[in-house]
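Overview (structure and organization)
Listed below are the residues making up each chain.
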Amino acid sequence: MDQKKRSWKFGKQLLTLSFPLMSLSACGGGGSNSTQAATDTTTAITSTSASAGTTSSVAAPVPQANSEGTVLTSSTSGSIDLSNAFFQAFGNGRSCASCHQENQAWSIRPDVLQQRFANTNGTDPIFNLVDGATSPNDVVATLDQKRLAYSMLLTKGVIRIGLPIPNGAQFTLTAVDDPYNFAGASQLSLFRRPLPTTNLKFESTVMWDGRETFTNPQSNLCIKDANPASCFATADSDLLNQANTAVITHAQSPQGLTAAQQRSIANFEESLFTAQLTSTRAGSLTDAGAKGGVVALVAANYYFGINDISAGDYQTGAAFNQNVMTMYSTWIGLDAPTPGGQGQPPVAPTAVNVLRASIARGEQIFNTKPINIAGVAGFNGQLRTSLQRGTCASCHSTPAVGTQSVPRLFNTGVAAANLRTSDMPLYTLKNTITGEVIQTTDPGFALTTGQWADIGRFKVPALRALAARAPYFHNGSAADIPGVIRFYDRRFNIGFTPQEVNDLTEFLKVL
């Protein structure tokens, strides 16, 4: 594997399941202070490992409540051993679970972080200057100083990623407007949401900027018709590397992970599947023939190049199918009145059926509402021009999940200067050849490749369990799902009606 030329990854297919699925209970952060917030709802049992002869804590199946109902995680191992290296504290006391917690769909939410801060007076290991603060130079002697230093984590759930302008880049940094007086060419401050460590079966890109996804010229995981050839390492090898990098950088562990620890973490992450299980108002997401929830998700098909937006399906040869989401098609029309008895008026639909019909309409909007996709680096000019007239499914093209099944990153404008808020740094970049200038809050993929055309490009995130892990986008700039829809409506002048916004919102809440 070529470790120098960075790109992206293949979402690894898991083995066919032949055992019952069990949910995982909420697990806390790495140190003694960080476990409380996520273990309040944990029901632990004790089991003995036959192979190791040791006793370990195992989580019982527990759906996790959120603002829209409940979310459920299932594991292909049938249960979860809390002694897994994923939960082990390293270096500064953090573990993977410090930023990836089950009751938040294996990411973190600001409201829970605020509770962790209050419960520990800001001493939970997640509150660390290295990347939890707005700057590693922040003063944290008092509680008020800590609250100010960790303001971005507490309000947007973002971690500060420090990355340099790469050597040989096609651009230079000519100006920095950093409200925290730290960022420079040797280390830009990039505030990003922790991506969920679940549903990795369906991923083709590791990290928002693809920096933990590697090319491999000997691989058969290659983008179809790419010239020159663009082939990638497996997801498994990328995740092994990413686990080690995370422990070294975020947990400040100088020795990194052993091979056994890397294997333990990658196996654990690859075993997880998470989806909304119930809706407070719509009830069970598997009623009346619907295929929401985690069981259908685990069974969903996936391979490198499935339903590719540009080249069609790599295995079947079928053309791209925009009907990516079909879980709730049986709920179409449930809001229609039913005939009454002889001489009686029609019976009005129940409130549950009214909402279920709204969810079904939202799914259809996701698949079919026309969008004129223009000015999107990585899409326009790179894929077939005939694809510029698309839908939500054009970018979120993996069936039932919404990722991209081959490594592609797009610039939809989330990091554009005109959307910059006062709490975000602003970087002015200059093309070393043309002299062109761009301002952005995050160069994204360009810090991985050094390419001017890659500025502002980010991976397409999976859409399952959205309700459990607000806020949204790489920088947490959309506080809720309607905020995401409003962004795209403005960006592409889609023209959603109020009813369409409502229906699409209800659909995205139950993924």
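Quick caveat: nothing in here was measured; it's all calculated off a predicted structure.

1. Thoughts on the packing of aromatic side chains
Taken as a whole and assessed by the stated rule, the structure comprises 20 aromatic pairs. Centre to centre, the rings of Phe-379 and Phe-410 are 5.5 Å apart; their planes meet at 70°, and the pair counts as edge-to-face. Linking Phe-379 in the loop between strand S11 (371-372) and strand S12 (389-390) with Phe-410 in strand S13 (residues 409-410), this pair joins segments that are 31 residues apart in sequence. Among the residues examined, Phe-379 registers a relative accessible area of 1% and is labelled buried. By relative accessible area, which is 5% here, Phe-410 ends up buried. Note on Phe-473 and Tyr-488: the rings are 5.8 Å apart at their centroids and 70° apart in plane angle, and the pair reads as edge-to-face. Of this pair, Phe-473 sits in the loop between strand S16 (458-459) and helix H11 (481-492) while Tyr-488 sits in helix H11; the two residues are 15 residues apart in sequence, bridging distant segments of the chain. Look at Tyr-488 and you get partly exposed, because its relative accessible area is 24%. Among the aromatic residues, those joined into a ring-pair cluster are Phe-86, Phe-87, Trp-106 and Phe-268.

2. Side note on the packing of helix H8 (residues 351-368) against helix H12 (residues 498-509)
The contact between H8 and H12 brings their axes to 7 Å, and the two run at 95°. On the basis of their axis angle, the class for H8 and H12 is roughly perpendicular. Residues Leu-355, Ser-358, Ile-359, Arg-361, Gly-362, Glu-363, Ile-365 and Phe-366 of H8 pack against Gln-499, Glu-500, Asn-502, Asp-503, Leu-504, Glu-506, Phe-507 and Leu-508 of H12. A class-by-class count of the residues in the contact of H8 with H12 yields 7 nonpolar, 4 polar and 5 charged.

3. Focus: the side chain of Lys-146
Mapped onto the fold, Lys-146 is located in helix H3 (residues 143-149). With no salt bridge to any partner, buried Lys-146 finds its closest opposite charge in Asp-144, at an N-O distance of 11 Å. Residues within four places of Lys-146 in sequence aside, it is in contact with Phe-117, Asn-121, Gly-122, Thr-123, Val-139 and Val-140.

4. Quick notes on the nonpolar core
In this structure, Tyr-328, Phe-366, Phe-507 and Leu-508 are the most contacted members of the largest nonpolar core, which totals 57 residues. Residue assignment for this core shows that the elements contributing at least two residues are strand S9 (272-279), helix H7 (294-299), H8, helix H9 (392-395), H11 and H12. If we skip the residues at most four places from it in the chain, Tyr-328 touches Leu-285, Ala-290, Gly-292, Ile-359, Ala-360, Glu-363, Phe-507 and Val-510.

5. Let's talk about helix H5 (residues 235-249)
End to end, H5 covers 21 Å across 15 residues, agreeing with the expected 21 Å (1.5 Å per residue, within 8%). All of the buried residues in H5 are Ala-235, Asp-236, Asp-238, Leu-239, Gln-242, Ala-243, Asn-244, Ala-246 and Val-247. On its buried face, H5 is in contact with helix H6 (259-270).

Parameters and conventions
- Residues numbered from 1 in each chain as written.
- Predicted model: local features only at pLDDT ≥ 70, side-chain atom pairs only at ≥ 80, totals over all residues.
- Heavy atoms only, no water.
- Phe/Tyr/Trp six-rings, centres within 6.5 Å; stacked < 30°, edge-to-face > 60°.
- Helix = DSSP H or I, 4+ residues; strand = E, 2+ residues; numbered from the N terminus.
- Buried < 20%, exposed > 50% of the residue type's maximum accessible area, 1.4 Å probe, protein only.
- Axes fitted to C-alpha atoms, helices over the stretch in contact; angles between N-to-C directions.
- Parallel < 35°, antiparallel > 145°, perpendicular 65-115°, else oblique.
- Contact = heavy atoms within 4.5 Å.
- Nonpolar A, V, L, I, M, F, W, Y, C, P; charged D, E, K, R; others polar.
- Lys, Arg positive; Asp, Glu negative; His and termini not counted.
- Salt bridge = Lys/Arg side-chain N within 4 Å of Asp/Glu carboxyl O.
- Core = buried A, V, L, I, M, F, W, Y, C linked by side-chain atoms within 4.5 Å.
- Expected span 1.5 Å × (residues − 1).

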